[in-house]
Amino acid sequence: MKNLTCFDVANYILSLNDNDAGDLISNLKLQKLVYYTQGFSLAIFGKPLFNEKIEAWMHGPVIPDLYHKYKSFGSGAIDTDNLDIDFSKFSEDEKNLIQDVFNMYGQYSAWKLRNLTHEEPTWIGAYGRSDSTEISLDSMRKYFLTQIEN
């Protein structure tokens, strides 16, 4: 497995989206899909897909680097016409994981995903802390292990 970034994972997710069907991915929705992909990678493979940190923000888990890349789209759809994606970077396991997460969570609106993350201990435990709002990989792994066992 090559080293992926949050941008690689985001681009892969955006490539799965069917714009012609009217399915739109906003920055908020993309954040949650990338977060869920990271969480399930930790639970299934025992390691992160990417190294960028995830923080607990008001509207759920956010990868700050990714947020800043797409913030110009506001709450609107991210333009996917010129995606630069190298599919050879991804192992078959990684492709399958991203596809599975997209199939499970991509059907939901950004706001539904936001509300789901607000019920999860990973976000609850990190949001509003004074020392750091970073969501630890360990807390994510522990939580997502409970999700694959169910």
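See above for the structure.
Now for a description of the structure that goes with this document. A quick note: this is a predicted structure, and the numbers were derived from the prediction, not measured.

Rules behind the numbers
Residues numbered from 1 in each chain as written. Predicted model: local features only at pLDDT ≥ 70, side-chain atom pairs only at ≥ 80, totals over all residues. Heavy atoms only, no water. Helix = DSSP H or I, 4+ residues; strand = E, 2+ residues; numbered from the N terminus. Rg over C-alpha atoms; globule rule 2.2 N^0.38 Å. Areas by Shrake-Rupley, 256 points an atom, 1.4 Å probe, with all protein chains shown as cover. Lys, Arg positive; Asp, Glu negative; His and termini not counted. Charge placed at Lys NZ, Arg CZ, Asp CG, Glu CD. Buried < 20%, exposed > 50% of the residue type's maximum accessible area, 1.4 Å probe, protein only. Arc of directions from axis to C-beta. Contact = heavy atoms within 4.5 Å. Phe/Tyr/Trp six-rings, centres within 6.5 Å; stacked < 30°, edge-to-face > 60°. Core = buried A, V, L, I, M, F, W, Y, C linked by side-chain atoms within 4.5 Å. Salt bridge = Lys/Arg side-chain N within 4 Å of Asp/Glu carboxyl O. Axes fitted to C-alpha atoms, helices over the stretch in contact; angles between N-to-C directions. Parallel < 35°, antiparallel > 145°, perpendicular 65-115°, else oblique. Left-handed = near helix turned anticlockwise from the far one by under 90°. Nonpolar A, V, L, I, M, F, W, Y, C, P; charged D, E, K, R; others polar.

### Describing the overall build of the protein chain
At step 1: Within the protein chain, the secondary structure is distributed over seven helices and two strands.
At step 2: The C-alpha radius of gyration of the protein chain comes to 14 Å, within 12% of the 15 Å expected for a compact globule of 150 residues.
At step 3: Along the three orthogonal principal directions, the C-alpha set of the protein chain runs to about 40 × 35 × 25 Å.
At step 4: Looking at the protein chain as shown, the accessible area adds up to about 7,700 Å², and 48% of this sits on carbon and sulfur atoms.
At step 5: Across the protein chain, the mean location of the 14 positive side-chain charges is 5 Å away from that of the 21 negative side-chain charges.

### A look at helix H5 (residues 110-117)
At step 1: Among all positions in H5, only Ala110, Leu113, Arg114 and Thr117 are buried. Looking down the long axis of H5, one finds its buried residues gathered within 105 degrees of arc, a one-sided arrangement.
At step 2: Where H5 is buried, its residues touch helix H2 (27-45), strand S2 (60-62), helix H4 (92-105) and helix H6 (121-126).

### Some remarks on helix H1 (residues 6-16)
At step 1: For H1, the tally of buried residues reaches eight of eleven residues, placing the bulk of the element in the interior.
At step 2: Considered for burial, the residues of H1 that qualify are Cys6, Asp8, Val9, Ala10, Asn11, Tyr12, Ile13 and Leu14.
At step 3: Turning to H1, the residues buried within the fold contact H2, helix H3 (64-70) and H4.

### Quick look at the packing of aromatic side chains
At step 1: Here the structure, examined in full by the defined rule, presents twelve aromatic pairs.
At step 2: Between Tyr12 and Phe87, the ring centres sit 5.3 Å apart and the planes meet at 80 degrees, which makes this aromatic pair edge-to-face. Of this pair, Tyr12 sits in helix H1 while Phe87 sits in the loop between H3 and H4, placing them 75 residues apart in sequence.
At step 3: A relative accessible area of 38% means that Phe87 is categorised as partly exposed.

### Quick look at the nonpolar core
At step 1: Core analysis: the biggest nonpolar cluster contains 37 residues, and Ile13, Leu30 and Val34 have the highest contact counts within it.
At step 2: If you list the elements that add at least two residues to this core, you get H1, H2, H3, H4, H6 and helix H7 (137-149).
At step 3: No other element matches H2, which puts eight residues into this core.
At step 4: Once residues lying within four places of it in the same chain are set aside, the contact partners of Val34 are Val9, Ala10, Ile13, Phe50, Ile63 and Leu66.

### Describing the pattern of salt bridges
Proximity of charged atoms lets side chains of opposite charge pair with each other.
At step 1: Inspection of the entire model under this criterion finds five salt bridges.
At step 2: Taking the shortest distance from any N to any O, the salt bridge between Lys53 and Glu55 comes out at 3.0 Å.
At step 3: Exposure remark for Lys53: the relative accessible area of 41% places this residue in the partly exposed category.
At step 4: Residue classification places Glu55 among the buried residues on the basis of a relative accessible area of 13%.
At step 5: A cluster of three or more residues bridged by salt bridges with shared partners is formed by Asp138, Arg141 and Lys142.

### Remarks on the environment of Ile44
At step 1: One can find Ile44 in helix H2.
At step 2: Between the alpha carbons of Ile44 and Ile54 there is a distance of 18 Å; along the sequence they are ten residues apart.
At step 3: Beyond its immediate stretch of four places on either side in the chain, Ile44 contacts Leu97 and Ile148.

### Notes on the packing of H1 against H4
At step 1: Closest axis-to-axis distance for the H1/H4 pair is 10 Å, and the angle between their directions is 55 degrees. In terms of their interaxial angle, H1 and H4 are classed as oblique. For the pair H1 and H4, the sense of crossing is right-handed. Of the residues in H4, those touching H1 at Val9, Tyr12, Ile13 and Leu16 are Lys95, Ile98, Gln99 and Phe102.
At step 2: Within the contact of H1 with H4, the residues separate by chemical class into six nonpolar, one polar and one charged.

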